[in-house]
Amino acid sequence: DVKVTQSSRYLVKRTGEKVFLECVQDMDHENMFWYRQDPGLGLRLIYFSYDVKMKEKGDIPEGYSVSREKKERFSLILESASTNQTSMYLCASSSRQGGNYYEQYFGPGTRLTVT
Amino acid sequence: AQTVTQSQPEMSVQEAETVTLSCTYDTSENNYYLFWYKQPPSRQMILVIRQEAYKQQNATENRFSVNFQKAAKSFSLKISDSQLGDTAMYFCAFMKPNTGNQFYFGTGTSLTVIP
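Since this is a predicted model, take the numbers as computed values, not measurements.

Rules used in this analysis
- Within each chain, residues carry numbers counting from 1 in the order of the written sequence.
- For naming, the first written chain is A and the first written ligand is 1, with later ones following in the order written.
- In view of the model being predicted, local features appear only for residues whose pLDDT reaches at least 70, and side-chain atom pairs are presented and counted only at 80 or more, with totals across whole chains, interfaces and linings using the full set of residues.
- With hydrogens and water set aside, each side-chain value is computed from the structure's full complement of heavy atoms.
- What counts as a ring pair is set by centres within 6.5 Å for rings of Phe, Tyr and Trp (its six-membered ring), and what kind of pair is set by the plane angle: stacked under 30 degrees, edge-to-face over 60, tilted for all other angles.
- Only DSSP runs of H or I covering at least 4 residues are called helices, and only runs of E covering at least 2 are called strands; the numbering of each starts at the N terminus.
- A 1.4 Å probe rolled over the protein chains alone gives each residue an accessible area, and that area as a share of the maximum for its type sets the label: buried under 20%, exposed over 50%, partly exposed in between.
- Here the rule is simple: two strands pair whenever DSSP picks up at least two bridges between them.
- The term disulfide is used for any two cysteine sulfur atoms that are within 2.5 Å.

Novice: Help me understand the packing of aromatic side chains, please; the structure alone is not making it clear to me.
Specialist: To describe a pair of aromatic rings, one takes the distance between the centres and the angle between the planes. Per the stated rule, a full pass over the model turns up 20 aromatic pairs over all chains. On the numbers, 6.5 Å between centres and 90° between planes, the contact of Phe91(B) with Phe105(B) is edge-to-face. Placement of the pair is Phe91(B) in strand E10 (residues 88-95) and Phe105(B) in strand E11 (residues 103-105), with a sequence separation of 14 residues. Under the relative-accessibility criterion, Phe105(B) is labelled buried at 10%. Ring geometry for Phe94(B) and Tyr104(B): centres 6.5 Å apart, planes at 50°, overall tilted. Here Tyr104(B) lies in strand E11 and Phe94(B) lies in strand E10, a separation of ten residues in the sequence. Tyr104(B) shares its class with Phe94(B); the two are buried. One aromatic cluster is present, formed by Phe33(A), Tyr35(A), Phe48(A), Phe106(A), Phe35(B), Tyr37(B), Phe91(B), Phe103(B) and Phe105(B) through successive ring pairs.

Novice: Looking at this model, I keep getting lost on the pairing of strand E6 (residues 46-52) of chain B. Mind explaining?
Specialist: In the case of a regular strand, side chains alternate between the two sheet surfaces. Residues and elements named next belong to chain B. For strand E5 (residues 33-39) and E6, the ladder comprises six bridges, and the chain directions are antiparallel. Each bridged residue has a counterpart across the sheet, and for Leu34 the counterpart in E6 is Gln51. Count of turn residues in the E5/E6 antiparallel hairpin: six residues, of which Ser42 carries a positive phi of about 60°.

Novice: Just to check I follow, could you spell out the state of the cysteines for this structure?
Specialist: Note on terminology: a disulfide is the covalent bond linking the sulfur atoms of two cysteines. Inspection of every chain in the model, using the stated rule, returns two disulfides over all chains. One disulfide in the model links Cys23(A) with Cys91(A); its S-S distance is 1.8 Å. Measuring the twist about the S-S bond at about -80°, one finds the Cys23(A)-Cys91(A) disulfide to be left-handed. Taken together, the residues span a long stretch of sequence, with Cys23(A) in strand E3 (residues 19-25) and Cys91(A) in strand E9 (residues 87-94) at a distance of 68 residues. Given a relative accessible area of 0%, Cys91(A) falls into the buried group. The disulfide partner of Cys23(B) is Cys92(B), and the gap between their sulfur atoms is 2.0 Å.

Here is the structure:
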């Protein structure tokens, strides 16, 4: 079974804090993704990575950065958290070579509240 | 960027009945994949069904089937014999194989199965 785990289910942070969200997958997937999910807006891609140390901006990268030092781990960093970053954050991974027809496997999500 | 449109924010269906969720997409690509994902309340996002654009035959998975109309750029999901466990958010997604195999998601349809 593919497993994607995220470091926290719920997180409460204060405005201006630096926030780290971690994601780990155990299927040796090359691709990893960070999304934020907001009601009425669906899933929006923040960043993705297709290899170790490689990263690409998604549709809404402003205010975020990422780190991928190891293949199995992809971290999302909020440099200075703001209230408009209160959201559900989802991590996903997939095989680059089309294994399982490119299916993305999702973690359980982290609900972040910034006060 | 590709766009994916789900025009039904909320739907409901009686248990054991059939319901169809709509999805349209906009692309100039010829080789791509389409997906339906399900997100039950407070639970992980999981794949329901996928369709390869080069295949004319509509995909089916048990009670779930799609109506893929490539020329019309339409990809609807039919759920037969609806069950209470089908209550969830459903997201349609588009993917064109490339470096990161990025997905583009619709805004989702919240489906409630009524006992």
